[in-house]
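Observations on the three-dimensional arrangement
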Amino acid sequence: MGRVALVTGGSRGIGAAIATALQDMGCTVAATYAGNDEKAAAFTAETGIKTYKWDVGNYEACQAGIAQIEADLGPVEILVNNAGITRDAPFHKMTPQQWHECIDTNLNGVFNMTHNVWGGMRERKFGRVVTISSINGQKGQFAQANYAATKAGDIGFTKSLAQEGARAGITVNIVAPGYINTEMMSTIPEKVMNDVILPQIPVGRLGEASEIARAVCFLASDDAGFVTGSTLSANGGQYMS
Ligand code: CAA
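Overview of the structure. Keep in mind it's a predicted model, so treat the numbers as computed, not measured. (Residues numbered from 1 in each chain as written. Predicted model: local features only at pLDDT ≥ 70, side-chain atom pairs only at ≥ 80, totals over all residues. Heavy atoms only, no water.)

Now for the overall build of the protein chain. On a plain count of helices and strands, the protein chain comes out with eight helices and seven strands. Once the C-alpha set of the protein chain is aligned to its principal axes, its extents read approximately 50 × 40 × 35 Å. By residue count, 49% of the 241 residues in the protein chain fall in the buried class. Put simply, of all contacts in the protein chain between residues at least 6 apart along the chain, 70% involve residues at least 24 apart. As displayed, the protein chain offers around 11,200 Å² of accessible surface, 53% of which is attributable to carbon and sulfur atoms. Measuring between centres, the 18 positive side-chain charges of the protein chain sit 5 Å from its 22 negative side-chain charges. (Helix = DSSP H or I, 4+ residues; strand = E, 2+ residues; numbered from the N terminus. Buried < 20%, exposed > 50% of the residue type's maximum accessible area, 1.4 Å probe, protein only. Contact = heavy atoms within 4.5 Å. Areas by Shrake-Rupley, 256 points an atom, 1.4 Å probe, with all protein chains shown as cover. Lys, Arg positive; Asp, Glu negative; His and termini not counted. Charge placed at Lys NZ, Arg CZ, Asp CG, Glu CD.)

With that settled, consider the pattern of salt bridges. Going through the model one piece at a time under the given rule, you end up with eight salt bridges. One salt bridge in this structure joins Glu101 and Arg87, with 2.5 Å as the shortest N-O distance. Placement of the pair is Glu101 in helix α4 (residues 96-124) and Arg87 in the loop between β4 (78-81) and α4, with a sequence separation of 14 residues. Notably, a salt bridge pairs Lys191 with Asp195, separated by 2.8 Å at the nearest N-O pair. Taken together, the positions of Lys191 and Asp195, both in helix α7 (residues 190-197) and four residues apart, correspond to about one turn of that helix. Overall, Lys191 belongs to the exposed group, its relative accessible area being 61%. Look at Asp195 and you get partly exposed, because its relative accessible area is 48%. Among the ionic contacts, a cluster of salt bridges with common partners joins Arg3, Glu77 and Asp222. (Salt bridge = Lys/Arg side-chain N within 4 Å of Asp/Glu carboxyl O.)

Its location among the elements puts Asn108 in helix α4. Each C-alpha atom of the pair Asn108 and Val203 lies 33 Å from the other, and the pair is 95 residues apart in sequence. Excluding residues within four positions of it along the chain, Asn108 makes contact with Val56 and Ile103.

Ordered in space as β3-β2-β1-β4-β5-β6-β7, the seven strands form an open sheet in which the pairing is parallel. The sheet is open, and its two edges are formed by β3 (50-53) and β7 (231-234), each paired on a single side. Ignoring which end each strand starts from, the neighbouring axes of this sheet average 20° apart. Where β4 and strand β5 (residues 127-132) come together, four bridges link them in parallel fashion. (Pairing = 2+ DSSP bridges. Axes fitted to C-alpha atoms, helices over the stretch in contact; angles between N-to-C directions.)

In the vicinity of the ligand there are 22 residues, among which Asp88, Ser134, Gln141, Gln144 and Tyr147 approach most closely. A distance of 2.8 Å separates an oxygen atom of the ligand from a polar side-chain atom of Lys93. At 2.6 Å from an oxygen atom of the ligand is found a side-chain nitrogen or oxygen belonging to Tyr147. Burial of the ligand by the surrounding chains reaches 64%, relative to a free accessible area of 990 Å². Going through the elements one at a time, α5 (135-139) and α7 are the ones with two or more residues in the shell around the ligand. The element that contributes the greatest number of residues to the shell around the ligand is α7, accounting for three residues. Taken together, the residues that form the shell around the ligand break down as 13 nonpolar, seven polar and two charged. (Near = heavy atom within 4 Å. Polar contact = N/O pair within 3.5 Å; in protein donor to acceptor, adjacent residues only side chain to side chain. Nonpolar A, V, L, I, M, F, W, Y, C, P; charged D, E, K, R; others polar.)

In this section: the pairing of strand β1 (residues 4-7). Residues Val4 and Leu6 of β1 are buried on one face, and the alternating residues Ala5 and Val7, pointing to the opposite face, are buried as well. Sheet topology note: the β1/strand β2 (residues 28-33) ladder contains four bridges and is parallel. When the bridges of β2 are listed, Leu6 appears paired with Ala30. What joins β1 to β2 is helix α1 (residues 13-24), and the crossover it makes is right-handed. (Right-handed = clockwise from strand over helix to strand, strands pointing away.)

To describe two helices that pack against each other, one gives the angle between their axes and the distance between the axes. For the pair α4 and helix α6 (residues 145-165), the least separation of the axes is 8 Å and the interaxial angle reads 15°. Between α4 and α6, the interaxial angle falls into the category roughly parallel. Read as a crossing pair, α4 and α6 show a hand that is right-handed. Packed against α4, whose contacting residues are Gln98, Trp99, Cys102, Ile103, Asn106, Leu107, Val110, Phe111, Thr114 and Trp118, the element α6 presents Ala145, Asn146, Tyr147, Ala149, Thr150, Lys151, Gly153, Asp154, Phe157, Leu161, Glu164 and Gly165 at the interface. Split by residue class, the contact of α4 with α6 holds twelve nonpolar, seven polar and three charged. (Parallel < 35°, antiparallel > 145°, perpendicular 65-115°, else oblique. Left-handed = near helix turned anticlockwise from the far one by under 90°.)

Pasting the structure below:
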């Protein structure tokens, strides 16, 4: 049995690709999901990866859920904070609800999850925390003041925690995907995708979830012990920071 890995939002999209890639790497993987029971059940049936339902924006739910996973599988050694949502709107139309929903899932969720595995990682002197940020947290994005704020926040969180984890054998890193071929893209109007977004991507295509998963696997591996506080951009050349 390999290391125990926990992937939030791990039953669909980029998260599902990460969960299966970690499993292929030899990890025992658990995945969380927020709402879609049917998709989660199908994912478990297909992959054998256990899925657990809770809202990462709720601290107590994270505490209880992680305790359950640790009872089932053992201590979490690798945490991938992947769960994320968009609530796009130009700022003059953005509602407080759209703002808070993004903050709760994408930023508070990262705190809630990481805080509940951090003590154990410190005690065992090993841990890998990889958080999925976004190109839009690096460069900003029209209609994403909420989402970009959370994704930029994830980077500051990571750089700070990397300094705290270093002496305890815990690395903390970011993968910042560009536009990836997942369900999340379906909210983007076709005209915006074709006329605005695709022309900005030098490789001329969307990325694939498996391409993000490979980057996460590297940062989660034992080999990456000297890499911490870093942001690995995987965006087809769209933004070079
Ligand atoms: N870049 C530049 N202009 C954009 C744009 C973008 N990404 N998205 C929309 N616009 C423009 C539209 O073309 C339109 O322009 P015109 O008025 O000249 O036609 C204008 O903004 C739309 O303004 P509205 O006030 O009518 O906007 P709306 O209230 O109808 O909202 C929208 C529409 C929610 C902004 C919708 O266009 C949209 O979802 N756009 C995509 C935004 C985007 O790129 N989100 C990224 C999602 S991917 C992701 O988040 C994953 C990741 O990490 C990379």
